[in-house]
Amino acid sequence: RRKCPEKEKTNTVKKLIVKSESIKILKKIDWKIWGTFLLILVLYLPQIFLNDLPQRDVAYRYAPAAEAFARGDWQYAFHPRLQFLHPFVSGIMVWLFSISGFLGAKLSGLLFYALGVFPFFSLMKEVFNRKIAYWSLLFYLFASRLIILSSSGLRESHKLFAILLIVLGLVQVWKYRKALKG
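Let us look at the structure shown here. (Residues numbered from 1 in each chain as written. Predicted model: local features only at pLDDT ≥ 70, side-chain atom pairs only at ≥ 80, totals over all residues. Heavy atoms only, no water.)

1. Section: the overall build of the protein
For the protein, the count of helices and strands is 11 helices and zero strands. Traced from its N-terminal end to its C-terminal end, the protein shows the element sequence α-α-α-α-α-α-α-α-α-α-α. Counting every atom, the protein has about 12400 Å² of accessible surface; 66% of that belongs to carbon and sulfur. (Helix = DSSP H or I, 4+ residues; strand = E, 2+ residues; numbered from the N terminus. Areas by Shrake-Rupley, 256 points an atom, 1.4 Å probe, with all protein chains shown as cover.)

Here's what the structure looks like:
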């Protein structure tokens with residue numbers, strides 16, 4: 001079979017269009033934010049595996065709740081004193097990677113600390129400007145108390161992530177309040 005030269009040209013043009021669109025998307029991505037996200041994971045993942053002394057809350061509440069979630073024991077996994085997000089994500093980590101509840105809670109905490117980069121940057125950019133937002137990312141990266149809390153398996157990084165999203169939402173509502181009046 002002989003190929004049609006017009007089809008080859010249209011296929012080449014389509015490939016070039018897709019390639020140029022993907023280049024535009026890559027140019028729009030802010031690599032400093034994604035780099036901070038990955039840097040948090042790379043820097044603090046070893047700390048999770050080296051810290052093997054659980055705090056009381058993690059040992060008696062969060063780790064057993066994550067293991068119960070992985071087993072499918074919903075009555076024990078979701079307790080009224082625990083927020084939904086921590087046992088849910090920790091349990092998924094335990095079930096997905098077949099690890100202990102303690103390690104699942106620590107991985108979940110680190111994941112939400114790293115995910116907090118995105119709403120934190122957006123919040124700083126909305127309140128201040130882009131330059132201050134980048135500097136605040138540097139301070140967020142090395143916030144020692146937050147790192148200790150997130151890598152120990154406690155639920156503080158989940159709360160921090162939720163609070164950042166709520167405050168960012170409130171700032172957005174305040175900023176665009178005239179457009180919301182209708």
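2. Thoughts on a nonpolar patch on the surface
Nonpolar side chains collect at one region of the surface, where Leu39, Leu43, Trp135, Leu138, Phe139 and Phe142 lie side by side and expose about 630 Å² of accessible area between them. Mapped by element, the contributors of at least two residues to the nonpolar patch are α2 (31–50) and α8 (130–141). Counting through the fold element by element, phenylalanine 139 comes out in helix α8. Judged by relative accessible area, phenylalanine 139 falls into the exposed class, the value being 62%. (Patch = residues over 30% accessible without salt bridge, like charges linked within 9 Å, V, L, I, M, F, W, Y side chains within 5 Å. Salt bridge = Lys/Arg side-chain N within 4 Å of Asp/Glu carboxyl O. Buried < 20%, exposed > 50% of the residue type's maximum accessible area, 1.4 Å probe, protein only.)

3. Comments concerning the nonpolar core
One finds Ile40, Tyr113, Val117, Phe120, Leu137 and Tyr140 to be the most contacted residues of the largest nonpolar core, which totals 27 residues. Secondary-structure elements contributing two or more residues to this core are α2, α5 (85–97), α6 (101–115), α7 (117–127), α8 and α10 (156–175). Counting seven residues, the second largest nonpolar core, distinct from the first, contains Val58, Phe102, Ala105 and Leu149. (Core = buried A, V, L, I, M, F, W, Y, C linked by side-chain atoms within 4.5 Å.)

4. Things to note about unusual backbone geometry
Positive phi, normally seen in glycine, also occurs at serine 98, with a value near 55°. Within the secondary structure layout, serine 98 lies in the loop between α5 and α6.

5. Focus: the pattern of salt bridges
Taken as a whole, this structure holds five salt bridges when the rule is applied. For arginine 61, the salt bridge goes to aspartate 57, with nearest N and O atoms at 4.0 Å. In this pair, arginine 61 and aspartate 57 are both assigned in helix α3 (residues 56–71), four residues apart and thus about one turn of the helix distant. The class of aspartate 57 is partly exposed, set by a relative accessible area of 33%. Across the pair glutamate 156 and lysine 159 runs a salt bridge, and its minimum N-O distance is 3.4 Å. With glutamate 156 and lysine 159 both in helix α10 and three residues apart, the pair spans about one turn of that helix. Judged by relative accessible area, which is 30%, glutamate 156 ranks as partly exposed. For lysine 159, a relative accessible area of 29% puts it in the partly exposed group.

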